[in-house]
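# Observations on chain architecture
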Amino acid sequence: NKPITIYGTGEQTRSFCYVDDLIEAIYRIMNKENITGPINIGNPDEFTMIKLADKVIKITGSKSKIDYRPLPQDDPLQRCPDISLAKANLDWEPQVQLREGLQKTIEYFSSGDFLD
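Residues numbered from 1 in each chain as written. Predicted model: local features only at pLDDT ≥ 70, side-chain atom pairs only at ≥ 80, totals over all residues. Heavy atoms only, no water.

### With respect to the overall build of the protein chain
Stated precisely, the cut-off is as follows: By the criteria applied, helices consist of DSSP H or I runs no shorter than four residues and strands consist of E runs no shorter than two, each listed in order from the N terminus. Burial here depends on accessible area, computed with a 1.4 Å probe over protein chains only, as a share of the maximum for the residue type. Under 20% is buried, over 50% is exposed, and the range in between is partly exposed. Throughout, a residue-residue contact means that at least one pair of heavy atoms, one from each residue, lies within 4.5 Å. Note on areas: these come from Shrake-Rupley sampling with a 1.4 Å probe, and a residue is covered only by the protein chains present in the view. We treat Lys and Arg as the positive residues and Asp and Glu as the negative residues; His and chain ends play no part in the count. In plain terms, the charge of a residue is placed at NZ if it is Lys, CZ if Arg, CG if Asp and CD if Glu.
When helices and strands are tallied, the protein chain shows 4 helices and 4 strands. Listing every helix and strand of the protein chain by position from the N terminus yields β-β-α-β-α-β-α-α. When the backbone C-alpha atoms are referred to their principal axes, the protein chain occupies close to 50 × 40 × 20 Å. By residue count, 27% of the 116 residues in the protein chain fall in the buried class. Considering only residue pairs separated by 6 or more positions, the protein chain has 88% of its internal contacts joining residues 24 or more positions apart. For the protein chain, the accessible surface area stands at approximately 8,200 Å², while carbon and sulfur atoms represent 52% of it. Taking the 14 positively charged and 18 negatively charged side chains of the protein chain as two groups, their mean positions are separated by 7 Å.

Below is the structure:
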C-alpha cells in the first residue's frame, strides 16, 4: 500500500524477462558450441511503466497511489531486446509472460521464503 514511484508520465516502455527464462537461455548458451559475439536475451513484449504499476496494484490488491516524479534526462523512452539471434541460434524465446511472472514473484516475496 506504499506509493509507487513513476518517473515522467509513465509512458516509457520496458520489457521484463522472468528469471526462469533467463536461466534457460544462459544454459543453452553455455551448452552451445560456436557461439560468438553477444546474443540478446530478454522478453520483447514491452509495457509502459504506468501499465506495470497498474498490474502490480491489481494483482496484489494494493491501495498504492502513483507518485509521479520528473523523468531523469538520461532515462530512455524505450527498452526492448532484439532476440532474433537467440531464437535462431538457441531455439529459445521466453515462455513466462509478465502477468504470470509478477504473480510468481509476488507469491515468492509474500511467502517470506527468501528470508531463510
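### Points about the environment of Ser 15
Quick note on the threshold: In the analysis that follows, any N or O atom pair within 3.5 Å is treated as a polar contact, provided that within protein one partner can donate a hydrogen and the other can accept it, and provided that, for residues neighboring in sequence, both atoms belong to side chains.
Take Ser 15: it is sitting in strand β2 (residues 13-15). Within the local environment of Ser 15, its side chain forms a polar contact with the backbone oxygen of Asn 43, the two atoms lying 3.0 Å apart.

### With respect to helix α2 (residues 49-60)
What counts here: To estimate the expected span of a helix, subtract one from its residue number and multiply by 1.5 Å. What the arc describes is the spread of directions from the helix axis to the C-beta atoms.
Counted at 1.5 Å a residue, the expected span for α2 with its 12 residues is 16 Å, and the 17 Å between its end C-alpha atoms agrees. Along α2, the residues that are buried comprise Met 49, Ile 50, Leu 52, Ala 53 and Ile 57. Seen from one end, α2 has its buried residues packed into an arc of 160 degrees, which puts them on one side. Exposed residues pointing more than 90 degrees away from the buried face of α2 are listed as Lys 51 and Lys 58. In this fold, the buried residues of α2 make contact with β1 (4-7), β2, β3 (46-48), β4 (66-69) and α4 (98-111). A positive phi of about 70 degrees marks Gly 61, the residue just after α2.

### Re the nonpolar core
Taken as a class, soluble globular proteins show a tendency for nonpolar side chains to be buried jointly. As a reminder, the rule being used: For this analysis, a nonpolar core means a set of buried residues of the types Ala, Val, Leu, Ile, Met, Phe, Trp, Tyr and Cys, connected via side-chain atoms within 4.5 Å.
Ile 6, Met 49, Ile 50, Leu 52, Ala 53, Leu 98 and Leu 102 form the largest nonpolar core, which has 7 residues in total. Of all the elements in the fold, those that place two or more residues in this core are α2 and α4. No other element matches the 4 residues that α2 contributes to this core. Ignoring any residue separated from it by four or fewer positions in sequence, one finds Met 49 in contact with Ile 6, Gly 10, Gln 12, Arg 14 and Phe 16. Core analysis: the second largest hydrophobic core is formed by 6 residues, Ala 25, Ile 83, Leu 90 and Trp 92 among them.

### Examining a nonpolar patch on the surface
We count it as follows: Surface patches are defined over residues having more than 30% relative accessible area and no salt bridge, joining like charges when they lie within 9 Å and nonpolar side chains (Val, Leu, Ile, Met, Phe, Trp, Tyr) when within 5 Å. When a carboxyl oxygen of Asp or Glu lies within 4 Å of a side-chain nitrogen of Lys or Arg, that pair is called a salt bridge.
Taken together, Val 19, Leu 22, Ile 23, Ile 26 and Met 30 make up a surface patch of nonpolar side chains, about 450 Å² in accessible area. Here Val 19 is to be found in helix α1 (residues 19-30). Residue Val 19 is classed as partly exposed on the basis of its relative accessible area of 42%.

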